[in-house]
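# Per-entry structural report
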Amino acid sequence: MAETKQKNEKHTPLPVVIITPFLIFAICAAITVVLGITPYNKFQTYIHVSFSDSMKNTTSAADSITVSENINTFESKSGVKTSSEGKVVIPSFGQQYAMLSCEAINLYVPVYWGSSEELLKNGACQLTASAVIGDKGNSVIDAHVNTFFADLNKLKEGDEVKINTSYGEFTYKVKNTATFEKTDKKYISQDKTDKLTLYTCVKQVLGSSTQRYAVICEPVDTKFYS
Amino acid sequence: MYKLRNYLLCAFTAILLFFAAFAAEGAFVMKKYALVPDTYKYILKLNGSYEKAYNELCRQFESEENATGIPASVYTDAVTEDVFKSMIDSQIDSAFDCIYGNAPTVENTSSEEQLKVLKTSIEKFFDEYAKSINYQKDEAYFQKLDSVYASASEKVTDTADVYQLNKIAKAGFINTASKLVRYSDKIFNVAFGITGFLLLVLIIANIKGISGFFYWMSISFGSVSALMVAGSIVLKHSHYFNRFAIKAQHIYSSITGACYYYTDLLLMINAAVLAVSVISMIIFWVAGRKKVSVQ
């Protein structure tokens, strides 16, 4: 009896004992990976839905800006012949004819020819009585202090301002700043000096400010496209 | 020829035990950590997210100072770091109130009370400013005051929502969490119940050679823990969660902090389960494998 019992007792083959854990692990891991695809996709959707707005780099000042979809960035044209003299193109009223940029204050704004409330919502506006960018005289550009020109007063002497147009690229350097009454036309009128004047209201918490703040820039590099 | 039938039964039970143990772990983490608001407050504390969120708030007010002319101190003297921290905690509590069905929305119900100091500070500034320029308080004055307060309070509540709970609520994820909460106790009990039942099946199947029970239990628990430990280590060392493109630093640190917290938690739990599995396998080999699968 004991012998029969002993005969019936057999070892589990060693390879089976060793392989079984790996086999079961492989089966379970495969099933888990397949079942885990849906929760993983849901997690990714959660991240996208929750934080896709955070991925847009907006500032509080930018919240009130209406961004036009048809902005021309007038990217610098490499490989094109340029010269220091050339012809300007007179834009029509309301036309976005330039891009103004200034790395010092992280400014990048479209410039419209002419000034109106509607245009000031979309970017900076150039006075039609001032010189077209690249032409002789004072080019005067203004924008609202609570939107595009919020950081204008942070510009210091020597900071570079660039303006790109369809007919050339123009670089200016800040020469000086000034604060004046809105009735004082001295800084925004024409004179014999070639310069760029950027100006905006002096910020006021209540009511509208009677003062203006201007940054006067002198040209340092002029490149007309041939 | 060894009893194939018993071997297959044990193998099948071991596979089921793998998923039962997996579910039990998940249910445990969900009930004891994921559905507890204190966990998320602890994660924020661990990652310094309270300070980061407050610094972000201050930065927003400072950058706006140029545009509005209102000094940042008008806001930051009222909304101090402690006040802001309590707002963040209230937001989390409100969200969990909604998840547990005690509130209709995730919106911070105590924010108005907490922002009273901010309103007082803004009113005081406007009053003093108007007096300094001899401005007569007219309708425009009060409209401006209201709009400044509305903008500031929105900024504070948005920044305090470090886990973006309002956004995920709009996407319907809070509703899903509410449904999960309703069944969390049942899920917990069922998962552990099934695990216990399957362990009992293994004991009965190996009653004539109890070391076999340790062998099969070790396979199941070892598989679960090996998968989770390997996965956690890969996630940690590849800094997987650092890839999230979330530009707001305080939100980024909160979310990635939570992800890494749960990764570490699962790593610890599964390291313990792996230890149990290894000990079980040692018991099996020491006790002698002769008795496995042989009846």
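Bear in mind that the values here come from a model prediction, so they are computed numbers and not experimental data.

## Topic: the pairing of strand 9 (residues 211-225) of chain A
All names here are of chain A. With two bridges joining them, strand 1 (residues 82-83) and strand 9 adopt antiparallel strand pairing. Looking across to strand 9, one finds that S83 is bridged to F224. With 13 bridges connecting them, strand 7 (residues 168-181) and strand 9 associate as antiparallel partners. Counted as the bridge partner of F170 is T222 from strand 9. Of the pairings in the sheet, the one linking strand 8 (residues 195-201) to strand 9 comprises six bridges and is antiparallel in character. Residue pairing across strands places C201 opposite R212, the latter belonging to strand 9.

## Observations regarding the side chain of S232 of chain B
Residue and element names in this part refer to chain B. With respect to the helices and strands, S232 occurs in helix 12 (residues 211-237). Classification of S232 by relative accessible area gives buried; the value is 5%. Residue contacts for S232: discarding those within four places in its chain leaves T263, L266 and L267.

## A closer look at unusual backbone geometry
For N106 of chain A, which is not glycine, the phi dihedral falls at a positive 55 degrees. A relative accessible area of 74% places N106 of chain A in the exposed class. You will see that Q164 of chain B, though not glycine, has its phi angle at about 55 degrees, which is positive. Tracing the chain through its elements places Q164 of chain B in the loop between helix 8 (139-160) and helix 9 (165-170).

## Some thoughts on the nonpolar core
Buried together is how nonpolar side chains tend to be arranged in soluble globular proteins. Ranked by size, the top nonpolar core spans 91 residues in total, and within it L118, I122, F126, Y163 and W216 of chain B carry the most contacts. For I122 of chain B, the contacting residues outside a window of four places in its chain are V74, Y75, L145, V148, Y149 and A152 of chain B.

## A look at the packing of helix 12 of chain B against helix 13 (residues 249-287) of chain B
Residues and elements named next belong to chain B. Axis separation between helix 12 and helix 13 bottoms out at 7 Å; the angle between their running directions is 150 degrees. In terms of their interaxial angle, helix 12 and helix 13 are classed as roughly antiparallel. The handedness of the crossing between helix 12 and helix 13 comes out as left-handed. Considered class by class, the residues forming the contact of helix 12 with helix 13 number 22 nonpolar, ten polar and two charged.

## Quick word on the pattern of salt bridges
When their charged atoms lie close together, side chains carrying opposite charge are able to pair. All names here are of chain B. Applying the stated criterion across every chain yields a total of 13 salt bridges over all chains. Note that D127 is salt-bridged to K131, the shortest N-O span being 3.2 Å. Residue D127 and its partner K131 are located together in helix 7 (residues 116-132), separated by four residues, close to a single helical turn. Taken together, the shared-partner salt bridges connect D38, K41 and D93 into one network.

## Notes on the pairing of strand 3 (residues 107-113) of chain A
Residues and elements named next belong to chain A. In terms of burial, strand 3 is a largely internal element, six of the seven residues being buried. Here six bridges tie strand 2 (residues 96-102) to strand 3, and the two strands are oriented antiparallel to one another. In the sheet register, L100 faces strand 3, and the bridge partner there is V109. Connecting strand 2 to the next strand, strand 3, in antiparallel fashion are four residues, including N106 with a positive phi near 55 degrees. Relative to strand 4 (residues 124-126), strand 3 runs parallel, the two sharing three bridges. Each bridged residue has a counterpart across the sheet, and for W113 the counterpart in strand 4 is Q126.

## Quick word on the side chain of D159 of chain A
Residue and element names in this part refer to chain A. Turning to its location among the elements, D159 is positioned in the loop between strand 5 (138-142) and strand 6 (160-165). For D159, which is buried and forms no salt bridge, the nearest opposite charge comes from K156, at a distance of 4.4 Å. A polar contact is formed between the side chain of D159 and the backbone nitrogen of K156, at a distance of 2.7 Å. Among all residues touching D159, those that are not within four sequence positions of it are A104, K154, Y172, K173 and V174.

## Describing a nonpolar patch on the surface
On the surface, L14, I18, I19, F22, L23, I27, I31 and L35 of chain A together with W285 of chain B cluster together to form a nonpolar patch covering roughly 870 Å² of accessible area. The element that contributes the greatest number of residues to the nonpolar patch is helix 2 (residues 14-51) of chain A, accounting for eight residues.

## Comments concerning helix 2 (residues 37-46) of chain B
Residue and element names in this part refer to chain B. Those residues of helix 2 that sit buried are P37, T39, Y40, K41, I43 and L44. Buried residues belonging to helix 2 abut helix 1 (4-34), helix 3 (49-68), helix 5 (81-99) and helix 13. Where helix 2 terminates, the next one or two residues include G48, which has phi positive at roughly 65 degrees.

## A word on the confidence of the model for chain B
Residue and element names in this part refer to chain B. Of all residues in chain B, 95% attain a pLDDT of 70 or more, and the chain-wide mean is 87. The secondary structure element of chain B with the lowest average pLDDT is helix 9, at 78, and the one with the highest is helix 11 (residues 184-205), at 94. Across residues 291-295, where pLDDT falls below 50, the model places 17 contacts with residues more than four positions away in sequence or in other chains.

## Details of the packing of helix 3 of chain B against helix 13 of chain B
The axes of two packed helices give the description: the angle between them and the distance between them. Residue and element names in this part refer to chain B. The N-to-C vectors of helix 3 and helix 13 enclose an angle of 160 degrees; their axes lie 8 Å apart at closest approach. Between helix 3 and helix 13, the angle falls in the class roughly antiparallel. Two packed elements cross with a definite hand, and for helix 3 against helix 13 that hand is left-handed. Packed against helix 3, whose contacting residues are S49, K52, A53 and E56, the element helix 13 presents Q249, H250, S253 and S254 at the interface. Of the residues contributing to the contact of helix 3 with helix 13, the split by class is one nonpolar, five polar and two charged.

## Focus: the packing of aromatic side chains
Residue and element names in this part refer to chain B. What the rule picks out here adds up to 29 aromatic pairs over all chains. Judged by centre distance (6.3 Å) and plane angle (70 degrees), the rings of F28 and Y33 are edge-to-face. On the basis of relative accessibility, which here comes to 25%, the residue Y33 falls in the partly exposed class. Taken together, a centroid distance of 6.1 Å and an interplanar angle of 80 degrees make the contact between F125 and F126 edge-to-face. A relative accessible area of 15% places F125 in the buried class. Taken together, the ring pairs connect Y40, Y42, F96, Y100, Y163, Y261 and Y262 into an aromatic cluster.

## As for the environment of V278 of chain B
Residues and elements named next belong to chain B. Looking at the element boundaries, V278 is found in helix 13. Residue V278 is classed as partly exposed on the basis of its relative accessible area, which comes to 42%. Counting along the chain gives 57 residues from V278 to F221, while the straight-line C-alpha distance between them is 9.1 Å.

Criteria and thresholds
Residues numbered from 1 in each chain as written. Chains lettered and ligands numbered in written order. Predicted model: local features only at pLDDT ≥ 70, side-chain atom pairs only at ≥ 80, totals over all residues. Heavy atoms only, no water. Pairing = 2+ DSSP bridges. Helix = DSSP H or I, 4+ residues; strand = E, 2+ residues; numbered from the N terminus. Buried < 20%, exposed > 50% of the residue type's maximum accessible area, 1.4 Å probe, protein only. Contact = heavy atoms within 4.5 Å. Core = buried A, V, L, I, M, F, W, Y, C linked by side-chain atoms within 4.5 Å. Axes fitted to C-alpha atoms, helices over the stretch in contact; angles between N-to-C directions. Parallel < 35°, antiparallel > 145°, perpendicular 65-115°, else oblique. Left-handed = near helix turned anticlockwise from the far one by under 90°. Nonpolar A, V, L, I, M, F, W, Y, C, P; charged D, E, K, R; others polar. Salt bridge = Lys/Arg side-chain N within 4 Å of Asp/Glu carboxyl O. Lys, Arg positive; Asp, Glu negative; His and termini not counted. Polar contact = N/O pair within 3.5 Å; in protein donor to acceptor, adjacent residues only side chain to side chain. Patch = residues over 30% accessible without salt bridge, like charges linked within 9 Å, V, L, I, M, F, W, Y side chains within 5 Å. Areas by Shrake-Rupley, 256 points an atom, 1.4 Å probe, with all protein chains shown as cover. pLDDT = per-residue confidence, 0-100. Phe/Tyr/Trp six-rings, centres within 6.5 Å; stacked < 30°, edge-to-face > 60°.

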